[in-house]
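# Notes for the structure review
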Amino acid sequence: MRPFAKIRRGRRILSTLRRAVTARCLTMVGAPWFSIAGFTVILVNAMCLGLETYSWAAAVGPYLKLVEHLCIAGFVCELLIRFGASLDRPSAFFRDGWNIFDMAIILAPLLPGIRENVTLLRLLRLARIVRAFRLFPSLRIILIGLRRSLPGLGSFLLITVLVIYGYAMLGWMLFGRAEPDRYGTVGQAMLSLFLLLSLDGITDTLVAGREITPWAVPYYVSYMVAACYLLTNLLVGVVLTALQEAHDAERAAARGKESGPPIPTADNTPHQQIAKLREALDALESQLTTTPPQPRTPETPLEVVRPGSS
């Protein structure tokens, strides 16, 4: 029984150590300074990447390399702390897409074929900026809102292409001969109208069109109303609706966490309950091995009460 007791005792020590590491890492991940420190490392990494574009950066190249290595060390430490926060359930760490993304960003430069490619390395360093979205809930809501708006943006792009194509055909018929460099083909006309979506140079374009045909005024005015105002407001509405849905979903998830069943703590998880049972078994075994058996005492005879006796 003693070898089994030693094994149980070793498992108990490892379980206690794992609980302590998990609790410590969870405290660090939940602290506000942890997100601020991660965001600071991301900003420093982005600044180093931008400084390399200047010619005078070659003089401070070794210092930039040192800062780059320190940023990588900071990213690795952050990833290890996040893994430690999921040490009791390692599968939960790998189910998080952000953790997989962080591992790919950190480990990819070590792979052969990528570490020799300067362009890929710079792209991977630039991709580290995207990690800022996971640090702050407001940025995550924006990212989720943009993802939710993708189906609506597809419909918006289809409507925009149809509107610009229709006006491009009208422009080709009105200005194709007078302005062949802008409206000579439907492709050139669509490009010219696309550039007019920002209303840059619309006054000069309208004046030049009036010299060609009087239909230029209703043509450009209707295009400004339909494409520049209505379509722009439609795009803003699609994005705002998606952001509101993402915000509502995040708030509903937060309420569900607050009102739902309590999250198992370090004292009532199934693993901890099993550990407590093992501790109780070890205590019983130690008592059985150290406590001698107690002698049995004779039972006290019962007095027989006769009827009529006082």
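As the structure is a computational prediction, the values presented were derived from the model and not from experiment.

## Thoughts on helix H11 (residues 186–195)
Among the residues of H11, those classed as buried are Ala-189, Ser-192 and Leu-193. Each buried residue of H11 lies within a common arc of 95° when the element is viewed along its axis, so the set occupies one face. H11 presents Leu-191, Phe-194 and Leu-195 as exposed residues on the side facing more than 90 degrees away from its buried surface.

## Description of the pattern of salt bridges
Inspection of the entire model under this criterion finds one salt bridge. Of the charged contacts in the structure, one is a salt bridge between Arg-82 and Glu-78, with a shortest N-O distance of 3.3 Å. Linking Arg-82 with Glu-78, this pair stays in helix H3 (residues 61–85), spanning four residues, or about one helical turn. By the burial criterion, Arg-82 is buried, and Glu-78 matches it.

## Let's talk about the layout of surface pockets
Space inside the second largest pocket adds up to approximately 460 Å³. Around the second largest pocket sit 18 residues that line it, and Glu-52, Lys-65, Glu-68, Leu-121 and Arg-125 are the ones nearest its centre. Listing elements by their share of the lining of the second largest pocket, those giving two or more residues are H3 and helix H6 (118–127). When residues of the lining of the second largest pocket are assigned to their parent elements, the largest contribution, six residues, is made by H3.

## Quick word on the packing of helix H2 (residues 32–51) against H3
The interhelical angle for the contact between H2 and H3, taken along N-to-C directions, is 150°, at an axis separation of 10 Å. Accordingly, the angle class assigned to the pair H2 and H3 is roughly antiparallel. Judged by the twist between their axes, the crossing of H2 over H3 is left-handed. Together, Phe-34, Gly-38, Val-41, Ile-42, Val-44, Asn-45, Cys-48 and Leu-51 of H2 and Leu-64, Val-67, Glu-68, Cys-71, Phe-75, Glu-78, Ile-81 and Arg-82 of H3 make up the contact between the two elements. Grouping the amino acids of the contact of H2 with H3 by side-chain chemistry returns 11 nonpolar, two polar and three charged.

## Here's the deal with unusual backbone geometry
We note that Leu-199 has phi near 60°; this positive angle belongs to a residue other than glycine. Inspection of the secondary structure assignment puts Leu-199 in the loop between H11 and helix H12 (202–212).

## Brief notes about the side chain of Thr-205
Along the chain, Thr-205 falls in helix H12. The buried category is assigned to Thr-205, whose relative accessible area is 7%.

## Digging into the nonpolar core
When a protein is soluble and globular, its nonpolar side chains tend to lie buried together. Membership of the largest hydrophobic core comes to 18 residues, with the highest contact counts inside it found for Phe-175, Tyr-183, Leu-193, Leu-196, Tyr-219, Tyr-220 and Tyr-223. Elements with a minimum of two residues in this core: helix H9 (150–175), H11 and helix H13 (216–259). Take this core: its biggest share by element is eight residues, from H13. For Tyr-220, the contacting residues outside a window of four places in its chain are Phe-175, Tyr-183, Leu-196, Ile-202, Thr-205 and Leu-206.

## Some details on a nonpolar patch on the surface
Together, Val-217, Val-221, Val-225, Tyr-229 and Leu-230 line one region of the surface with nonpolar side chains, adding up to about 420 Å² of accessible area. With respect to the helices and strands, the residue Val-225 is situated in helix H13.

## Some thoughts on H12
Since there are 3.6 residues in each turn of an α-helix, residues three or four apart along the chain are aligned in direction. All of the buried residues along H12 are Ile-202, Thr-205 and Gly-209. Taken down its axis, H12 places every buried residue within 60° of arc, on the same side. Projecting away from the buried face of H12 at angles above 90 degrees are the exposed residues Thr-203, Asp-204, Arg-210 and Glu-211.

## Comments concerning the environment of Ala-73
Within the fold, Ala-73 resides in helix H3. Owing to a relative accessible area of 36%, Ala-73 belongs among the partly exposed residues under this scheme. Along the backbone, Ala-73 and Ile-106 are 33 residues apart, and their C-alpha atoms lie at a distance of 9.7 Å.

## A word on the environment of Phe-83
With respect to the element layout, Phe-83 can be found in helix H3. Classification of Phe-83 by relative accessible area gives partly exposed; the value is 28%. A sequence separation of 16 residues divides Phe-83 from Asn-99, and the C-alpha atoms of the two residues are 8.7 Å apart. Residues contacting Phe-83, with those up to four places away along its chain left out, are Pro-90, Phe-93 and Phe-94.

The rules we used
- Residues numbered from 1 in each chain as written.
- Predicted model: local features only at pLDDT ≥ 70, side-chain atom pairs only at ≥ 80, totals over all residues.
- Heavy atoms only, no water.
- Buried < 20%, exposed > 50% of the residue type's maximum accessible area, 1.4 Å probe, protein only.
- Helix = DSSP H or I, 4+ residues; strand = E, 2+ residues; numbered from the N terminus.
- Arc of directions from axis to C-beta.
- Salt bridge = Lys/Arg side-chain N within 4 Å of Asp/Glu carboxyl O.
- 1 Å grid on protein atoms, 1.4 Å probe; cavity = no way out; pocket = protein on both sides within 12 Å on 5 of 7 lines; lining within 4 Å.
- Points joined across faces, edges and corners; volume = space filled by probe spheres on them.
- Axes fitted to C-alpha atoms, helices over the stretch in contact; angles between N-to-C directions.
- Parallel < 35°, antiparallel > 145°, perpendicular 65-115°, else oblique.
- Left-handed = near helix turned anticlockwise from the far one by under 90°.
- Contact = heavy atoms within 4.5 Å.
- Nonpolar A, V, L, I, M, F, W, Y, C, P; charged D, E, K, R; others polar.
- Core = buried A, V, L, I, M, F, W, Y, C linked by side-chain atoms within 4.5 Å.
- Patch = residues over 30% accessible without salt bridge, like charges linked within 9 Å, V, L, I, M, F, W, Y side chains within 5 Å.
- Areas by Shrake-Rupley, 256 points an atom, 1.4 Å probe, with all protein chains shown as cover.

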